[in-house]
Amino acid sequence: MRMLKILTLVAFVLVAILILGKGARQRAPKYNAATEVKVEGVVQEVQQFWCPVNGDEGTHLMLKTQDGILQVHVAPRRFLQGNGVSFSKGDQIAVVGSMVTYEGHDAMIARKITRGDQTSAFRQPDGTPLWVERLGGYVR
């Protein structure tokens, strides 16, 4: 009976660790102008999910480049919608942004994206997001 109580307690502790701990979390990478590059490619997928890089539900592009697939963190979805900007699978784009490592993979935080003759900016040259005002609102 005592062994059963000990095993139950150990199982409870392990479950609590798995549920609450979920391992060490990586801090969200920050824009770094020193790692800024330009990449070109074709959008393979557009993803919407909560992103610690943007601090909101963000738009992410899976971009097929000559070097492989690159995840591009664009901007919060609300910012894009408010400015009439959207992306679709098959779009041929050029992205200027900061190369980062996120969750063990190469990724990019976009500063601006050009599609055809249209360029959309998401950050200032120093990496400051255009969607953040002093009061934390969205810029239109």
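Everything here concerns the structure above.
Just so it is clear, the model here is predicted, and its values are computed rather than measured.

Draft legend 1. Structural view of the nonpolar core. Of all hydrophobic cores here, the largest spans 19 residues; its most connected members are Leu61, Val72, Val74, Val95, Ile113 and Phe122. Counting residues per element, the ones that place at least two in this core are strand E1 (36-51), strand E2 (56-65), strand E3 (68-76), helix H2 (77-82), strand E4 (92-102) and strand E5 (105-115). Sort the elements by how many residues they give to this core and E3 lands first, with four residues. For leucine 61, the contacting residues outside a window of four places in its chain are Val43, Glu45, Val46, Leu70, Gln71, Val72, Val74, Phe87, Ile93 and Ile113. Membership of the second largest hydrophobic core comes to seven residues, among which are Tyr31, Val53, Val100 and Ile109.

Draft legend 2. Examining the pairing of E2 more closely. Burial analysis of E2 places eight of its ten residues in the buried class, which makes it a mostly covered element. With nine bridges joining them, E1 and E2 adopt antiparallel strand pairing. Looking at E2, one finds that glutamine 48 is bridged to threonine 59. Between E1 and E2, which pair antiparallel one after the other, the connecting turn spans four residues, and glycine 55 there sits at a positive phi close to 70°.

Draft legend 3. Local environment of the pattern of salt bridges. All told, the structure shown has four salt bridges when counted by the stated rule. Measuring nitrogen to oxygen at the nearest pair gives 2.8 Å for the salt bridge that ties arginine 111 to glutamate 36. Remark: glutamate 36 occurs in strand E1 and arginine 111 occurs in strand E5; sequence separation between them is 75 residues. Residue glutamate 36 is classed as partly exposed on the basis of its relative accessible area, which comes to 29%. Aspartate 56 is the salt-bridge partner of arginine 78, the closest N and O atoms lying 2.6 Å from each other. With arginine 78 in helix H2 and aspartate 56 in strand E2, this pair connects stretches of sequence that are 22 residues apart. The class for aspartate 56 is buried, based on a relative accessible area of 14%.

Rules used in this analysis
Residues numbered from 1 in each chain as written. Predicted model: local features only at pLDDT ≥ 70, side-chain atom pairs only at ≥ 80, totals over all residues. Heavy atoms only, no water. Core = buried A, V, L, I, M, F, W, Y, C linked by side-chain atoms within 4.5 Å. Buried < 20%, exposed > 50% of the residue type's maximum accessible area, 1.4 Å probe, protein only. Helix = DSSP H or I, 4+ residues; strand = E, 2+ residues; numbered from the N terminus. Contact = heavy atoms within 4.5 Å. Pairing = 2+ DSSP bridges. Salt bridge = Lys/Arg side-chain N within 4 Å of Asp/Glu carboxyl O.

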